[in-house]
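Residues per chain are reported as follows:
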Amino acid sequence: MTIFDIFTNQLLNGIVLGSFYALVALGYTMVFGVVKLLNFAHGELYMVGGFAGFLLLSFLAPYLGPGWFGVAVSMVLAMIAVGFLGVVIERVAYAPMLSAPRLSILITALAVSLVLQNGMLTLTKGQYVPFGAALGFGGVRLGSLFISYNQMVLVGVAGALMLGLELFVSRTQYGRAMRAIAVDKDMSRLMGINVNAVIAVTFFLGSALAAAAGTMAGAYYGSLWYFMGFLIGLKAFTAAVIGGIGSIPGAMLGGLILGLLESFGTQLPGVGSEWKDVFSFSVLILVLVFKPTGLLGKPEQERM
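Reading the values: the criteria
- Residues numbered from 1 in each chain as written.
- Predicted model: local features only at pLDDT ≥ 70, side-chain atom pairs only at ≥ 80, totals over all residues.
- Heavy atoms only, no water.
- Helix = DSSP H or I, 4+ residues; strand = E, 2+ residues; numbered from the N terminus.
- Expected span 1.5 Å × (residues − 1).
- Buried < 20%, exposed > 50% of the residue type's maximum accessible area, 1.4 Å probe, protein only.
- Contact = heavy atoms within 4.5 Å.
- Polar contact = N/O pair within 3.5 Å; in protein donor to acceptor, adjacent residues only side chain to side chain.
- Phe/Tyr/Trp six-rings, centres within 6.5 Å; stacked < 30°, edge-to-face > 60°.
- 1 Å grid on protein atoms, 1.4 Å probe; cavity = no way out; pocket = protein on both sides within 12 Å on 5 of 7 lines; lining within 4 Å.
- Points joined across faces, edges and corners; volume = space filled by probe spheres on them.
- Nonpolar A, V, L, I, M, F, W, Y, C, P; charged D, E, K, R; others polar.
- Pairing = 2+ DSSP bridges.

Enquirer: Honestly, helix α10 (residues 248-265) in this entry has me stumped. Any pointers?
Expert: Over its 18 residues, α10 runs 26 Å from end to end, which matches the ideal 26 Å to within 8%, given 1.5 Å per residue. Of all the positions in α10, only I248, G250, A251, M252, G254, G255, L258, G259, E262, S263 and G265 are classed as buried. For α10, the secondary structure elements touched by its buried residues are α1 (3-35), α5 (149-171), α9 (228-243) and α11 (276-290). Looking at where α10 begins, the residue whose side-chain oxygen comes 3.0 Å from the main-chain nitrogen of G250 is S247.

And the structure:
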């Protein structure tokens, strides 16, 4: 295999991996931008979304089939269900803590993460669960590069969801309200914006995107695990910081950069796949040292 073949294959793998990171990172950056909360339970919402998609596909497969149509319907329904779960978590666990010190709400987020993770551990007894989708192995060959239909659909759906979110935030009334609250919550309330409703919409959208990523990951990799949200949650948070926490385009860019770095980094001489996490968090440290606001982030001033 030539250097060009290795490059094109790793480029494809990096884009696919980066798509997962970017979708989950969007939830982190949206919530932080609006309520200044690092929602460390977000990775577990990705995991719950994967299991919700699995349960829905198991129920719908006799009627819709286990192919792309069944997976697509299951993904949409899982997005709705986990979106509402995110709203419930915000109302029950986070809303009463918004005026508390940031450390208190951070500990609350970690507690929610442990509740979701250990709840799924109890339900699955720690076993891997086969997703059960039948997506086939077809694709397109361009020279030595083979692009599967699964990869094309996954990247296309992820791109469409990210574009849809960007249009929602930049073109709709709720999107403008989100940006206003991110600048000044109290002034937004005085201007007649229903801050609680906008925060609920933010949690719904972020949780729904995480569920979409979880369902697509289950269909693509073929299995689910109760611990699958922990590492991707850390990676997505890393991607959000690299791109600029609070910046939606930054989360997309950070996810793709992280996916490409991991993919290409494992091809260095003497370096194996077990080093990919080292690359991720080394890049995070470098970004925090040399550009603490991230690639597309903007510095903020604390109001007294």
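Let us keep going from here.
Enquirer: Help me understand the packing of aromatic side chains in this model?
Expert: Aromatic rings in a pair are described by how distant their centres are and how their planes are angled relative to each other. Going through the model one piece at a time under the given rule, you end up with 15 aromatic pairs. Look at F20 and Y221: their rings are 5.8 Å apart centre to centre, the planes differ by 35°, and that puts the pair in the tilted class. Here F20 is found in helix α1, whereas its partner Y221 is found in helix α8 (residues 195-221), with 201 residues between them in sequence. An angle of 65° between the planes, with centres 5.7 Å apart, marks the rings of W225 and F227 as edge-to-face. These aromatic residues form a ring-pair network of at least three members: Y128, W225, Y226, F227 and F230.

Enquirer: Honestly, the layout of surface pockets in this entry has me stumped. Any pointers?
Expert: Regions of empty space are outlined by a rolling probe, equal in size to a water molecule, passed over the atoms. Within this model, the second largest pocket holds a volume of roughly 530 Å³. Around the second largest pocket, the lining comprises 18 residues; the ones closest to its centre are Y46, Y221, M228, L231 and I232. Among the elements of the structure, α1, α8, β4 (223-224) and α9 are those that each provide at least two residues to the lining of the second largest pocket. Tallied by class, residues from the lining of the second largest pocket come to 13 nonpolar, 2 polar and 3 charged.

Enquirer: Please explain the pairing of strand β2 (residues 139-142) as it appears in this structure.
Expert: Each regular strand shows side chains that alternate between the opposite faces of the sheet. As paired strands, β2 and strand β3 (residues 145-148) are joined by 4 bridges and run antiparallel to one another. When the sheet's bridge partners are listed, G139 is paired in β3 with S148. Counting the residues between successive antiparallel strands, the hairpin from β2 to β3 contains 2 residues, one of them, G143, with a positive phi of roughly 70°.

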